[in-house]
Amino acid sequence: MNKETSFLVALVELANLQDNSETVARFTKKYRAYVNPSDVLKTRDELRELWRGGERASKIATRLLCEGPFMVNTANARVDWQSGTLVYRGQNQFQRDLYELLKVSERAKICANNCGTKYFIIPPTRRLSTRFCSSDCMHEANLRSKNKSWHKNKSKWKGKR
Ligand SMILES: [Zn+2]
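Residues numbered from 1 in each chain as written. Predicted model: local features only at pLDDT ≥ 70, side-chain atom pairs only at ≥ 80, totals over all residues.

(A) Representation of the nonpolar core. L11, V12, L14, A15, L98 and F120 are the most contacted members of the largest nonpolar core, which totals 24 residues. The set of elements that each furnish at least two residues to this core consists of helix 1 (9-15), helix 3 (40-52), helix 4 (54-67), helix 5 (93-103) and strand 4 (119-121). Ranked by the residues each element gives to this core, the list is headed by helix 1, at four residues. In this structure A15 touches R44, L47, R48, W51 and Y119, once residues within four positions along its chain are discounted. (Core = buried A, V, L, I, M, F, W, Y, C linked by C-beta atoms within 7 Å. Buried ≥ 20, exposed ≤ 12 C-beta atoms within 10 Å, placed from the backbone. Helix = DSSP H or I, 4+ residues; strand = E, 2+ residues; numbered from the N terminus. Contact = placed C-beta atoms within 7 Å.)

(B) Structural view of the packing of helix 3 against helix 4. Following both chains from N to C, one finds helix 3 and helix 4 inclined at 135°, their axes separated by 7 Å at the closest point. The angle between helix 3 and helix 4 places the two elements in the oblique class. As helix 3 packs across helix 4, the resulting crossing turns out to be left-handed. On the side of helix 3, the interface is formed by E46, E49, L50 and R52, while helix 4 contributes G54, R56, A57, I60, A61 and L64. A class-by-class count of the residues in the contact of helix 3 with helix 4 yields five nonpolar, one polar and four charged. (Axes fitted to C-alpha atoms, helices over the stretch in contact; angles between N-to-C directions. Parallel < 35°, antiparallel > 145°, perpendicular 65-115°, else oblique. Left-handed = near helix turned anticlockwise from the far one by under 90°. Nonpolar A, V, L, I, M, F, W, Y, C, P; charged D, E, K, R; others polar.)

(C) Structural view of the environment of L128. Structurally, L128 is set in the loop between strand 4 and helix 6 (135-160). With 19 residues separating them along the chain, L128 and K109 place their C-alpha atoms 9.2 Å apart. Apart from residues lying up to four places away in sequence, L128 is in contact with E106, R107 and I122.

(D) Representation of the packing of helix 4 against helix 5 in the model. Closest axis-to-axis distance for the helix 4/helix 5 pair is 9 Å, and the angle between their directions is 140°. The orientation of helix 4 with respect to helix 5, classified from their angle, is oblique. Helix 5 is crossed by helix 4, and the crossing has left-handed handedness. Contacts from A61, L64 and L65 of helix 4 reach helix 5 at Q95, L98, Y99 and L102. In the contact of helix 4 with helix 5, the residues fall into six nonpolar, one polar and no charged.

(E) Here's a closer look at unusual backbone geometry. Even without glycine at this site, L8 takes up a positive phi of about 50°. Its place among the elements puts L8 in the segment before helix 1. Residue L8 is classed as partly exposed on the basis of its 18 C-beta neighbours within 10 Å. Phi at N114 is positive, roughly 55°, even though this residue is not glycine. On the basis of neighbour counts, which here come to 9 C-beta atoms within 10 Å, the residue N114 falls in the exposed class.

These values are about where atoms sit, not about what they do.
Written as structure tokens, this is what we have:
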């Protein structure tokens, strides 16, 4: 469970969305106009690619941030001549959230416990090397590996007595 962060809630919820029409309907009702209702699962799959990272993530994020799927015909970037920078301006909440995610892209991780909310963002208070979305998942995985090594070594340990 991803309870330790309330950062980019809608985006993280979308990435973790289950594959059924009920949860999709609930999501589109909760976050109206966040993504095109007919594109929810497609956008979710693209988000999951972002979490996996790499060149493919760059390609997908470029398209989502700069070309659409919500492109109104104003530009998504404007020049701030004074500071010598380009300022990104998302057309909607989804693009603005995605831009925030981009800034912390190294913190978008997939929980090693493979839980129901495995796409998560590591909060600033936790180390970047964190492999689990929550302490619950960490404990669960630790228990499991202990059990595994117990089963593997059971006969060995018993034999030693
Ligand atoms: Zn987890």
